[in-house]
Amino acid sequence: MSDIDQTTKHRMSGGTIVWAAMVLAFAGLAFVYFATDPKDITPTVVLTYTILAGAALVAIGILGAIVRAVASRGRASEPHPPVG
């Protein structure tokens, strides 16, 4: 039974990522609106902040994948307990 536990893979929840992206987008728009004069918000500014937010999400995803790979590598090298 311990072999099954160690080979189980964690699946990423797409819904969580979508909701997080929506909340971040809303928070970013609110920040831009309150931090700048509304007449200064041009399509270029919106596009720039959208690209920066997307790049941040990609970077966080890559970092999370690296951390997960390093953590699972440490668990894989541990010796198996005796069966029985």
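The structure we're discussing is the one just above.
So, here's what we can say about the structure. (Residues numbered from 1 in each chain as written. Predicted model: local features only at pLDDT ≥ 70, side-chain atom pairs only at ≥ 80, totals over all residues. Heavy atoms only, no water.)

### Looking at the overall build of the protein
We apply this condition: Counting from the N terminus, the helices are the DSSP runs of H or I reaching at least four residues and the strands are the DSSP runs of E reaching at least two. Each residue gets one of three labels from its accessible area relative to the maximum for its type: buried under 20%, exposed over 50%, partly exposed in between, using a 1.4 Å probe on protein chains only. To measure how exposed things are, a 1.4 Å probe is used in the Shrake-Rupley method; for residues, cover is taken only from the protein chains shown.
Looking only at helices and strands, the protein has three helices and zero strands in total. Counting from the amino terminus, the protein carries its helices and strands in the arrangement α-α-α. Per-residue burial for the protein yields a buried fraction of 1% across its 84 residues. If you sum the accessible surface of the protein, you get close to 7500 Å²; carbon and sulfur atoms cover 72% of it.

### Considering a nonpolar patch on the surface
The test is simple: The patch calculation keeps residues exceeding 30% relative accessible area without a salt bridge and links them within 9 Å when they carry like charges or within 5 Å when they are nonpolar (Val, Leu, Ile, Met, Phe, Trp, Tyr). Salt bridges are defined as contacts in which a side-chain nitrogen from Lys or Arg sits within 4 Å of a carboxyl oxygen from Asp or Glu.
Together, V58, I62, I66 and V70 make up a nonpolar patch on the protein surface, roughly 370 Å² of accessible area in all. Among the structural elements, I66 can be located in helix α3 (residues 43–76).

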